[in-house]
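Inside the fold
Below, each chain spelled out in residue letters.
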Amino acid sequence: MTTILIIGPGAVGLSAGAALIDAGHAVTFAARQAFAPLRVNCSGEPARDLDVTVVTDPAQITPPDWVLLCVKAHQVQGAADWLNAAVGEGTRVAILQNGVEHVERVEPLVPNVLPKRIPKSVQRFSESNARQDKKPEHDSDPTGSGCALVPVVVDIPAGRYAPGVVEWRGRANLLVPDTGDGRDFCALFDGTFVSARTTEDFVTDNWLKLCVNAPGGAILALTGQPMRVFHKPGVADIALAILSECVAVGRAEGAKLPDSLIEAQMAKFMEATPDDTNSMYDDRAAGRETEWDARNAVIVRKGRKHGIPTPVSDILVPLLAGQTA
Ligand SMILES: NC(=O)C1=CN([C@@H]2O[C@H](COP(=O)(O)OP(=O)(O)OC[C@H]3O[C@@H](n4cnc5c(N)ncnc54)[C@H](OP(=O)(O)O)[C@@H]3O)[C@@H](O)[C@H]2O)C=CC1
Ligand SMILES: CC(C)(CO)C(=O)C(=O)O
């Protein structure tokens, strides 16, 4: 039986955890607050209650086979004690987050006991000399017996509105680099409601997700309105500007983002269900810090690195940062 520790029992952690419990793995949640049971609500289906094991102190941990890090991007530093206690010899760490800096963010916090295994494409594009004209370097099997870091693109629309209670909105897709570690990660979800797949071009898929999250998150967090706000005068123009900046910077980082993406993504925003929200909206509505740094400031940061102007993000990022005390 595979042992799995989920750090961060929020919307994504509880959804992924429920699937892994369904698959018969030994799942433990690392939480700031104990909860039981795990209740999964999915619209149109009866709620399901699952038995859970929850720990609230890193001293209670025995290093598992897998760690799934599911805290928000700005909460990673705060989860350092959990990572420190959880990573033993042979432990692999999957990072289920939005943004494009999964590995950059987490690598410094993983105990440096052995050389780490990180997918090649992610290593190369986190370097400052990333060049789009380089041939794509597909992820093969990184070697070395150290801790593996597996970045994950998450498409699980969900919300956690009480401890242990998740509202899952009926779609659950995970995407990881096509490496041995990535394939092993996918196998954990076999036969469950989560579809976990590998991709040969993780950099592109990661930026494609940012093209959804950067405009969508900023617009909903700043206006405090659900997706219908895209139809208010001028709002779609701002979203288009953020998206265009994201595409320009993503291309410089090596993502293959076609021109047609911009029109297609804008059409998806305009056709979204009017009441749909996203996790930046949820955080803002609850008065919590949002992921503005991982989803919007990253465009400014990486734009500067490549000499790409990002005038609209330059203005919006301080406004997003200023939303919380
Ligand atoms: N929600 C969504 O629809 C989607 C989210 N994502 C991404 O997935 C990632 C996770 O998001 P999401 O699940 O929504 O976030 P949530 O805010 O729902 O969950 C984060 C969880 O982490 C916990 N946490 C924070 N710090 C610690 C800590 N030091 N120790 C233990 N637990 C901690 C929080 O606990 P506490 O309750 O105590 O604050 C909370 O339960 C984000 O990067 C997000 O952008 C991606 C796709 C969809
Ligand atoms: C847009 C969505 C729901 C897609 O999974 C998301 O990533 C988020 O809310 O953070």
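Cut-offs used in this document
Residues numbered from 1 in each chain as written. Chains lettered and ligands numbered in written order. Predicted model: local features only at pLDDT ≥ 70, side-chain atom pairs only at ≥ 80, totals over all residues. Heavy atoms only, no water. Buried < 20%, exposed > 50% of the residue type's maximum accessible area, 1.4 Å probe, protein only. Helix = DSSP H or I, 4+ residues; strand = E, 2+ residues; numbered from the N terminus. Pairing = 2+ DSSP bridges. Core = buried A, V, L, I, M, F, W, Y, C linked by side-chain atoms within 4.5 Å. Contact = heavy atoms within 4.5 Å. Axes fitted to C-alpha atoms, helices over the stretch in contact; angles between N-to-C directions. Salt bridge = Lys/Arg side-chain N within 4 Å of Asp/Glu carboxyl O. Polar contact = N/O pair within 3.5 Å; in protein donor to acceptor, adjacent residues only side chain to side chain. Parallel < 35°, antiparallel > 145°, perpendicular 65-115°, else oblique. Left-handed = near helix turned anticlockwise from the far one by under 90°. Nonpolar A, V, L, I, M, F, W, Y, C, P; charged D, E, K, R; others polar. Near = heavy atom within 4 Å. Areas by Shrake-Rupley, 256 points an atom, 1.4 Å probe, with all protein chains shown as cover.

Things to note about the pairing of strand β11 (residues 173-177)
- Within β11, four of the five residues are buried, which leaves it mostly tucked inside the rest of the structure.
- As paired strands, strand β8 (residues 148-155) and β11 are joined by three bridges and run antiparallel to one another. Note that in β11 the partner of V154 across the bridge is L174.
- Sheet topology places β11 next to strand β12 (residues 195-199); five bridges connect them, and they run parallel. The residue of β12 that forms the bridge with L174 is A196.

Digging into the nonpolar core
- Counting 38 residues, the largest nonpolar core has L68, L96, V152, L174, F185 and F189 as its most contacted members.
- Top contributing element to this core by residue count: helix α1 (residues 11-22), with seven residues.
- Setting aside residues up to four positions removed in sequence, L68 forms contacts with I4, L5, I6, I7, A16, L20, A94, L96, F185 and F189.
- Within the second largest apolar cluster, 36 residues are counted, among which are L210, A218, I242 and L257.

Notes on the sheet that holds β12
- The eight strands lie next to each other as β5-β2-β1-β6-β7-β8-β11-β12, forming an open sheet whose pairing is mixed. Whereas interior strands pair on both sides, the edge strands pair on one side only; in this sheet they are β5 (53-55) and β12. The mean inter-strand angle of the sheet, taken between neighbouring strand axes irrespective of direction, is 25 degrees.
- Direction of pairing for strand β2 (residues 26-30) relative to β5: parallel, over a ladder of three bridges. By the bridge assignment for β5, T28 is matched with T53.
- Contacts between helix α6 (residues 202-223) and the sheet are confined to β8, β11 and β12, with β8 contributing the most and set at about 40 degrees to the helix.

Quick notes on the side chain of S15
- Residue placement: S15 occurs in helix α1.
- Given the relative accessible area of 1%, S15 is considered buried.
- When sequence neighbours within four positions are dropped, the list of residues in contact with S15 reads G10, I156, A158, V166, W168 and F193.

Things to note about the pattern of salt bridges
- Summed over all chains, the structure comprises 19 salt bridges.
- Where R301 meets E101, a salt bridge forms, and the shortest distance between an N and an O atom there is 3.0 Å. Residue R301 is found in helix α10 (residues 292-306), and its partner E101 is found in the loop between β7 (92-96) and α3 (102-106); the two are separated by 200 residues along the sequence.
- For R228, the salt bridge identified is with D275, shortest N-O distance 2.8 Å. Linking R228 in the loop between α6 and α7 (235-252) with D275 in the loop between α8 (260-271) and α9 (279-285), this pair joins segments that are 47 residues apart in sequence.
- A cluster of three or more residues bridged by salt bridges with shared partners is formed by E101, R105, D293 and R301.

Describing the environment of T223
- As for its placement among the helices and strands, T223 is situated in helix α6.
- In this structure, the C-alpha to C-alpha distance between T223 and Y281, residues 58 residues apart in sequence, is 8.9 Å.
- Here the side chain of T223 touches Q225 through a polar contact of 3.2 Å, landing on its backbone nitrogen.

Things to note about the packing of α7 against helix α11 (residues 311-321)
- Where α7 meets α11, the axes come as close as 8 Å, and the angle between the chain directions of the two elements is 110 degrees. Regarding the angle of α7 to α11, the classification is roughly perpendicular. The handedness of the crossing between α7 and α11 is left-handed. Contacts between α7 and α11 involve I238, A241, I242 and E245 from the former and P311, V312, S313 and L316 from the latter.
- Counted by class, the contact of α7 with α11 contains six nonpolar, one polar and one charged residues.

A short note on the pairing of strand β3 (residues 38-42)
- Counting buried positions along β3 yields four of five residues, so the element is predominantly enclosed.
- Here β3 pairs with strand β4 (residues 48-50) via three bridges, running antiparallel. Paired with V40 across the bridge in β4 is R48.
- Linking β3 back to β4 in an antiparallel pair, the connection comprises five residues, with G44 at a positive phi of about 85 degrees.
- As judged from the four bridges shared by β3 and strand β10 (residues 165-168), these two strands associate in the parallel manner. When the sheet's bridge partners are listed, N41 is paired in β10 with E167.

Considering the site of ligand 1
- Around ligand 1, a shell composed of 26 residues is seen, among which V12, R32, N98, R160 and E291 lie nearest.
- With respect to ligand 1, the backbone of P9 contributes an N or O atom lying 3.4 Å from an oxygen atom.
- Contact between ligand 1 and A11: an oxygen atom at 2.9 Å from a main-chain N or O atom of the residue.
- For ligand 1, the protein covers 89% of the area, taking 900 Å² as the surface of the free molecule.
- For the shell around ligand 1, the secondary-structure elements that each account for two or more residues are α1 and β9 (158-162).
- Considering only residue class, the shell around ligand 1 consists of 13 nonpolar, seven polar and six charged.

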